[in-house]
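Spelled out from the first residue to the last, the chains are:
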Amino acid sequence: MTVALITGANKGIGLATARQLGARGWTVLIGARDEARGRQAEHDLTAGGADARFVPLDVTDAESVARAASWIEAEFGVLDVLVNNAGITRGGWPGTPSATAVDTLREVYETNVFGVVAVTNAMLPLLRQAPAARIVNVSSELGSITANMNPDSPMFTMASLPYPSSKTALNMITAMYAKELRDTPVKVNAANPGFCATDLNQHRGFRTADEGAEVSVHLATLPADGPSGQLWGYLWTADGSGGFGALPW
Ligand code: NAP
């Protein structure tokens, strides 16, 4: 049995990730903060033949995170894969750095940064029980400082604080966990799904949630000689040619 927890799995890229991992015969734990939405996702994936279980999980709520970890420990005693997928954006887009309220930044960081650390720390004892655990932090090329400062990158014209800087922080967090865990079987990588049509961007993305999920699934299923401490995924080139690989931090 392979057990994967996906946070923010009731819709979008998270739901697609759960569906794809479930199709491999894995037990997929649908982390969702809203019971009705989580149960609906559980129902839909189960109807499709997956072993899906809803787990109440608000990544910004320490008690909720602790309860989820206790439940997984009692139910399975182990966690093979953690996909830190839950994420939000706020403050308009692209937004103006000089007009950004600190509270807006704080709100985004609560989910995209602090939530990831809280969930990862709570789940690590269970991940360490697995023979080859994988942690996937769903980041974004918008968090890449290199891409943002490259005049040839589609990121170059964007200037916004909350979301991009939260993903930059997440990238560093990914690197630091990868270093802490480098002498263990646990691999930690950041995923760049590419610009996918979801509620996050009012469905303006040019990739599908399923295509974005393939990046998380790739990193969740890395072999023993796979990388750790990378930002990996969709390469958005100015000429639109696309592709996949490691991205600059
Ligand atoms: P989405 O459709 O808006 O889904 C976001 C998910 O996160 C929802 O299930 C949402 O739950 C959940 N969530 C938000 N706050 C939460 C919290 N405090 N606790 C638990 N769950 C929470 O967006 P998406 O595009 O699939 O985004 C998934 C991830 O991909 C995010 O990390 C995002 O930054 C990243 N990403 C997306 C794109 C893109 O183009 N779409 C590109 C790069 C990276 P509710 O339904 O309850 O709100």
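Throughout this description, residue numbers start from 1 for each chain and increase along the sequence as written. A pLDDT threshold of at least 70 governs which residues receive local features in this predicted model, and a stricter bar of 80 or more applies before side-chain atom pairs are shown or counted, although totals over entire chains, interfaces and linings include all residues. Side-chain figures throughout are based on the complete set of non-hydrogen atoms in the structure, without hydrogens or water.

Attention now moves to helix α3 (residues 62-75). The α-helix winds at 3.6 residues per turn, so residues separated by three or four positions along the chain end up facing the same way. Helix and strand definitions here come from DSSP, where helices need a minimum of 4 consecutive H or I residues and strands a minimum of 2 consecutive E residues; each element is numbered from the N-terminal end. Multiplying one less than the number of residues by 1.5 Å gives the expected span of a helix. The end-to-end C-alpha distance of α3, which contains 14 residues, comes to 20 Å, matching closely the 20 Å that a straight helix rising 1.5 Å per residue would cover. The complete set of buried residues in α3 reads S64, V65, A68, A69 and I72. The buried residues of α3 occupy an angular sector of 135° when projected down its axis, which confines them to one face. Turned more than 90 degrees from where α3 packs its buried face, A62, E63, R67, E73 and A74 sit exposed. Here a polar contact is taken to be a pair of N or O atoms separated by no more than 3.5 Å, where protein atoms must pair a possible hydrogen donor with a possible acceptor and residues adjacent in sequence count only if both atoms sit in side chains. Taking the backbone nitrogen of E63 as reference, a side-chain oxygen 3.0 Å away marks D61 as the first, capping residue of α3. Each residue is assigned to one of three classes by its accessible area relative to the maximum for its type, calculated with a 1.4 Å probe on protein chains only: buried under 20%, partly exposed between the two thresholds, exposed over 50%. Here, the arc refers to the directions that run from the helix axis to the C-beta atoms.

Attention now goes to helix α6 (residues 162-180). Along its 19 residues, α6 runs 27 Å from first to last C-alpha, staying within 8% of the 27 Å computed at 1.5 Å per residue. Residues of α6 that are buried: P162, Y163, P164, S166, K167, L170, N171, I173, T174, A175, Y177 and A178. By the convention used here, residues are in contact when the closest approach between their heavy atoms is within 4.5 Å. Against α4 (102-127), β5 (134-138), β6 (187-192) and β7 (231-234) lie the buried residues of α6.

This part is about the site of the ligand. Neighbouring residues are identified by heavy atoms, a residue being near a molecule or strand if any of them is within 4 Å of it. Looking at the ligand, there are 29 residues lining it, with R33, R37, Y163, C196 and T198 nearest. Take G194: an N or O atom from its main chain is 3.3 Å from an oxygen atom of the ligand. One of the side-chain nitrogen or oxygen atoms of T198 is found 2.6 Å away from an oxygen atom of the ligand. Protein chains bury 95% of the 890 Å² of accessible surface belonging to the ligand in isolation. Lining residues are those with an atom within 4 Å of a point, where the points come from a 1 Å grid over the protein atoms alone and group into cavities, where a 1.4 Å probe fits but cannot get out, or pockets, open sets with protein on both sides within 12 Å along at least five of seven lines. Molecules are considered to sit inside a cavity or pocket once more than half of their atoms lie within 2 Å of its grid points. One can see that the ligand is located within the largest pocket. At the level of elements, α1 (12-22) and α6 are the ones that each hand at least two residues to the shell around the ligand. For this scheme, ten residues count as nonpolar: Ala, Val, Leu, Ile, Met, Phe, Trp, Tyr, Cys and Pro. Four count as charged, namely Asp, Glu, Lys and Arg, and the remainder, Gly too, count as polar. Each residue belonging to the shell around the ligand can be placed in one class, and the counts come to 11 nonpolar, 12 polar and six charged. We get accessible surface area from the Shrake-Rupley algorithm with a probe of 1.4 Å; when it comes to residues, only the shown protein chains can shield them.

Let us look at the pairing of β5. The side chains of a regular strand alternate between the sheet's two faces. The buried fraction of β5 is high, at five of five residues. Neither face of β5 is open: one carries R134, V136 and V138, the other I135 and N137, and all of them are buried. Sheet topology note: the strand β4 (residues 81-84)/β5 ladder contains four bridges and is parallel. Note that in β5 the partner of L82 across the bridge is I135. When DSSP finds two or more bridges between a pair of strands, those strands are recorded as paired.

Here the focus is the packing of α3 against α4. Think of each axis as a best-fit line through the C-alpha atoms, taken over the contacting stretch in the case of a helix, with angles from 0 to 180 degrees between the N-to-C directions. The contact between α3 and α4 brings their axes to 9 Å, and the two run at 20°. It follows that α3 is roughly parallel to α4 by the angle criterion. Of the two possible hands of crossing, α3 and α4 adopt the one that is right-handed. The residues of α4 that touch α3, namely those facing V65, A68, A69, I72 and E73, are A118, V119, A122, M123 and L126. Partitioning the contact of α3 with α4 into residue classes produces nine nonpolar, no polar and one charged. By the definition adopted for this analysis, an angle is roughly parallel if under 35 degrees, roughly antiparallel if over 145, roughly perpendicular if from 65 to 115, and oblique otherwise. Crossing handedness is read from the near helix: turned anticlockwise from the far helix by less than a right angle, it gives a left-handed crossing, and turned clockwise, a right-handed one.

This next bit is on the nonpolar core. Only buried residues count toward a nonpolar core. Its members are Ala, Val, Leu, Ile, Met, Phe, Trp, Tyr and Cys residues joined through side-chain atoms within 4.5 Å. Of all hydrophobic cores here, the largest spans 31 residues; its most connected members are L79 and M123. Every element with two or more residues in this core is listed here: β1 (3-6), α3, α4 and α6. Tallying contributions element by element places α4 first for this core, with seven residues. If sequence neighbours within four positions are ignored, M123 has contacts with L5, V65, A68, A69, I72, L79 and L82.

Adjacent strands of a sheet form backbone hydrogen bonds with each other and so pair up, either parallel or antiparallel. Strand order in the open sheet formed by eight strands is β3-β2-β1-β4-β5-β6-β7-β8, and the pairing between neighbours is mixed. For this open sheet the edge positions go to β3 (51-56) and β8 (244-246), each flanked by a neighbour on one side alone. Taken pair by pair, the neighbouring strands of this sheet meet at an average axis angle of 20°, ignoring direction. One ladder, built from three bridges, connects β1 with β4; its direction is parallel. Paired with A4 across the strands is V81, a residue of β4. With respect to the sheet, helix α2 (residues 35-47) is in contact with β2 (27-32) and β3, its orientation differing from that of β3 by roughly 175°. Packing of α4 onto the sheet brings it into contact with β1, β4 and β5, and relative to β4 it is tilted by some 175°.

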